[in-house]
Amino acid sequence: MDAAKGCNKDVTARTRVICNRCDGKRAEPGTTYSQCSTCKGTGEETVNTGFFHMRSTCRRCGGQGSILSTPCKKCRGKGKVNETKTITIPIPAGVEDGQTVRVPVEAGEIFVTFKVSESKIFERDGVNVSSTATISFTQAILGGTIRAPGIHGEIELKIPPGTQSHQKLRLSGRGIPRLSGLGKGDHFVNFKLHIPKYLNEKQKALILAYAELEDDVNGTVSGVDKSTKNEPDPTSQSWQAYETTVGANTSKEIELEEVVKKKRALGTKTAAEEDSGLLGRLKKVFCSEEDEDDDKHNRRQGKA
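Please read these numbers as outputs of a predicted model, since none were measured by experiment. (Residues numbered from 1 in each chain as written. Predicted model: local features only at pLDDT ≥ 70, side-chain atom pairs only at ≥ 80, totals over all residues. Heavy atoms only, no water.)

Points about the environment of glycine 173
In step 1: Within the secondary structure, glycine 173 is located in the loop between strand 13 (168-171) and strand 14 (187-194).
In step 2: Spatially, the C-alpha atoms of glycine 173 and asparagine 128 are 9.1 Å apart, while their sequence positions differ by 45 residues. (Helix = DSSP H or I, 4+ residues; strand = E, 2+ residues; numbered from the N terminus.)

Focus on the side chain of glutamate 45
In step 1: Here glutamate 45 lies in strand 3 (residues 44-49).
In step 2: If we ignore the near neighbours within four places in the chain, the residues touching glutamate 45 are Thr38, Met54, Arg55, Ser56, Thr57, Cys58 and Arg59. (Contact = heavy atoms within 4.5 Å.)

Here we look at the pairing of strand 14
In step 1: The pairing of strand 10 (residues 128-136) with strand 14 spans eight bridges and is parallel. The residue of strand 14 that forms the bridge with threonine 134 is lysine 192.
In step 2: As paired strands, strand 13 and strand 14 are joined by four bridges and run antiparallel to one another. Bridging from a neighbouring strand, leucine 171 pairs with histidine 187 of strand 14. (Pairing = 2+ DSSP bridges.)

What to know about unusual backbone geometry
In step 1: A positive phi angle, near 70°, is found at histidine 166, a position not held by glycine.
In step 2: Tracing the backbone through its elements, the reader meets histidine 166 in the loop between strand 12 (155-159) and strand 13.

Some words on the sheet that holds strand 14
In step 1: An order of 9-10-14-13 is seen for the four strands of this open sheet, with the pairing classed as mixed. For this open sheet the edge positions go to strand 9 (123-125) and strand 13, each flanked by a neighbour on one side alone. Going from strand to strand, the sheet's axes swing by 30° on average, the running direction of each strand aside. (Axes fitted to C-alpha atoms, helices over the stretch in contact; angles between N-to-C directions.)

Examining helix 3 (residues 201-213)
In step 1: With 13 residues, helix 3 extends 19 Å between its outermost C-alpha atoms, agreeing within 8% with the 18 Å of an ideal straight helix rising 1.5 Å per residue.
In step 2: Among the residues of helix 3, those classed as buried are Ala205, Leu208, Ala209 and Ala211. Within helix 3, the buried residues cover an arc of 160° as seen down the axis, which keeps them to one side.
In step 3: With a side-chain oxygen positioned 3.2 Å from the backbone nitrogen of lysine 202, the residue opening helix 3 is asparagine 200. (Expected span 1.5 Å × (residues − 1). Buried < 20%, exposed > 50% of the residue type's maximum accessible area, 1.4 Å probe, protein only. Arc of directions from axis to C-beta. Polar contact = N/O pair within 3.5 Å; in protein donor to acceptor, adjacent residues only side chain to side chain.)

A closer look at the environment of serine 130
In step 1: Tracing the backbone through its elements, the reader meets serine 130 in strand 10.
In step 2: As a C-alpha pair, serine 130 and glycine 150 span 20 residues in sequence and 9.5 Å in three-dimensional space.
In step 3: Excluding its chain neighbours within four sequence positions, the residues that come into contact with serine 130 are Ile121, Phe122, Glu123, His187 and Phe188.

Here's the deal with the pattern of salt bridges
In step 1: Taken as a whole, this structure holds five salt bridges when the rule is applied.
In step 2: A salt bridge links lysine 115 to aspartate 97; the nearest nitrogen and oxygen atoms lie 3.9 Å apart. You can see lysine 115 sitting in the loop between strand 8 (108-113) and strand 9 and its partner aspartate 97 sitting in the loop between strand 6 (80-91) and strand 7 (100-105), a full 18 residues away along the chain.
In step 3: Of the residues examined, lysine 115 reaches a relative accessible area of 73% and is grouped as exposed.
In step 4: As a salt-bridge pair, aspartate 186 and arginine 170 come within 2.6 Å of each other at their nearest N and O atoms. Taken together, the positions of aspartate 186 in the loop between strand 13 and strand 14 and arginine 170 in strand 13 put the pair 16 residues apart, joining distant regions of the chain.
In step 5: Note on arginine 170: relative accessible area 53%, which makes it exposed.
In step 6: Residues joined in a network through salt bridges with shared partners are Arg147, Glu154 and Glu156. (Salt bridge = Lys/Arg side-chain N within 4 Å of Asp/Glu carboxyl O.)

So, the environment of threonine 88
In step 1: Summarising the element assignment, threonine 88 is placed in strand 6.
In step 2: Separated by 77 residues in the primary sequence, threonine 88 and valine 11 place their C-alpha atoms 6.4 Å from one another.
In step 3: The residues contacting threonine 88, other than those within four sequence positions of it, are Asn8, Lys9 and Asp10.
In step 4: At a separation of 2.7 Å, a polar atom in the side chain of threonine 88 contacts the side chain of aspartate 10.

Everything listed here is a matter of coordinates, which is why it stays silent on function.
Pasting the structure below:
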């Protein structure tokens, strides 16, 4: 987050600073300079080689034009010393891993290379970031809201109805600031669907009831029997041919069998089948709890 928002960091580095004993004058306090006898104070010396005259930096005074009679004991006449100091480094917002900045320090400068650690929440791609938000399957179906961490603070996300697993939501301008100062990147939220491993009786009954009404399943659903949908149409020729072969049955048996067959062909169930089917079980789950509540209420009134 420091690299995304920017901050100041204190680092310890060894750098060259002005000698505090001679204040950079290179000589011991209270001593004076003497003129260089080689260059006569010009800092240059002339070398004659026949017809050629060459000038170069004086080898004795190093171009200073003067000689230290008593060099500074701390810096040995150099005017600067190496010291370990604590330096405050301003980290710009949006800095990336491996980038190097130049920081001036007194009489010199240092080069600082940044090492950006990985985040446990966000994944970075330049100025864009991405994160994962876990939602329930009811939120995915019906929609809703969820609070999730962001680069600049917690944000509230609106979940559209019918959200699919790993569907991404783009939040423009919620990413990392650009080093140029021209705007920010985007934040992409990846929705991850959470499926419960364990269900109570009510939850399981409701899911099974929904599964019976679902018609776009590729394959089968455990606990759901949809074989009645594949039975023939009562108006088809095969159904009429079957009815002509039941002459041995009584008229009541024929009528009852026709009702059962037609209900099955139309995807409906008789009262007995409904009681033993899924909807009957669903009814028992919820009605049994209501009956228990009524019994408890009656017992309390009886005691009173």
